[in-house]
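One letter stands for each residue in the lines below.
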Amino acid sequence: MNEPLLVFSRTFDLLAWLLPKSERFPRIYRHTLTQRINDAALDLQEQLSIAQSSRGELRACHLLVASNKLDVLRVHLRLAHAWRWLNDGQYEHVSRMIAEIGRLLGGWINQTHAQLAKEKKGHPGP
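This is a predicted model, so every value here is computed, not measured. (Residues numbered from 1 in each chain as written. Predicted model: local features only at pLDDT ≥ 70, side-chain atom pairs only at ≥ 80, totals over all residues. Heavy atoms only, no water.)

Undergrad: Describe in detail the packing of aromatic side chains, supporting the description with residues and values.
TA: Summed over the entire model, instances satisfying the criterion amount to 5 aromatic pairs. Relative to Trp108, the ring of Phe8 lies with its centre 6.1 Å away and its plane at 65°, an arrangement referred to as edge-to-face. Of the two residues, Phe8 is situated in helix α1 (residues 3-22) and Trp108 in helix α4 (residues 88-122); the sequence distance between them amounts to 100 residues. Residue classification places Phe8 among the partly exposed positions, given a relative accessible area of 23%. For the pair Tyr29 and Trp85, a centre-to-centre distance of 5.0 Å together with 45° between the ring planes defines the contact as tilted. Highlighted residues: Tyr29 in the loop between α1 and α2 (33-52) and Trp85 in the loop between α3 (56-82) and α4, separated in sequence by 56 residues. Under the relative-accessibility criterion, Tyr29 is labelled partly exposed at 32%. Here a set of aromatic residues connected by ring pairs shows up, and it is made of Phe25, Tyr29, Trp83 and Trp85. (Phe/Tyr/Trp six-rings, centres within 6.5 Å; stacked < 30°, edge-to-face > 60°. Helix = DSSP H or I, 4+ residues; strand = E, 2+ residues; numbered from the N terminus. Buried < 20%, exposed > 50% of the residue type's maximum accessible area, 1.4 Å probe, protein only.)

Undergrad: Please provide a residue-by-residue account of the nonpolar core, values included.
TA: Core analysis: the biggest nonpolar cluster contains 29 residues, and Ile37, Leu48, Leu73 and Leu77 have the highest contact counts within it. Going through the elements one at a time, α1, α2, α3 and α4 are the ones with two or more residues in this core. Once residues within four sequence positions are removed from consideration, Leu73 is found in contact with Leu14, Leu18, Ile37, Ala40, Ala41 and Ile98. (Core = buried A, V, L, I, M, F, W, Y, C linked by side-chain atoms within 4.5 Å. Contact = heavy atoms within 4.5 Å.)

Undergrad: So what's going on with the packing of α3 against α4? Which residues, and what values?
TA: Contact pair α3 / α4: the axes reach a minimum separation of 10 Å and the direction vectors enclose 165°. With respect to α4, the axis of α3 lies roughly antiparallel. The handedness of the crossing between α3 and α4 comes out as left-handed. In terms of residue class, the contact of α3 with α4 is made up of 15 nonpolar, 6 polar and 6 charged. (Axes fitted to C-alpha atoms, helices over the stretch in contact; angles between N-to-C directions. Parallel < 35°, antiparallel > 145°, perpendicular 65-115°, else oblique. Left-handed = near helix turned anticlockwise from the far one by under 90°. Nonpolar A, V, L, I, M, F, W, Y, C, P; charged D, E, K, R; others polar.)

Next comes the structure, spelled out in C-alpha cells:
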C-alpha cells in the first residue's frame, strides 16, 4: 500500500541525482542520448503522477507506460556507462536507485491488477 508514495520519493531522488549529472555528459550528445535519458526520467515521473490521479484500467495503463520508461532509462544509462560517462561507482548507485523504483513500481502494478481482478469478480459481465 506504501508503494505509490515511496515510488514518488525515490523517483524524485533519482531525478535530483541524474539531471545535474547529465549536464556533464559530452556536449556533442546533448540533443541525442543525454536528452533521451532526461526525457525518459521525466516521463517516468509524469506517468507516475498521472497514474496516481487515475483509477482502474487507466491507472494500470499509465503504470505500464511508466515501467516501459524505466526500462528505456535503464538501457540508456547502461550505454552511458559503457561510454564512460558514468564511472563504475556512479553506475552502481543509479542502478540501485532504478532497481528500487522498479520493485516499488512492480508492487504498485500488482496491487492495481489485483484490485481490477477483484472489481471484475464482484461485478459479473453482461
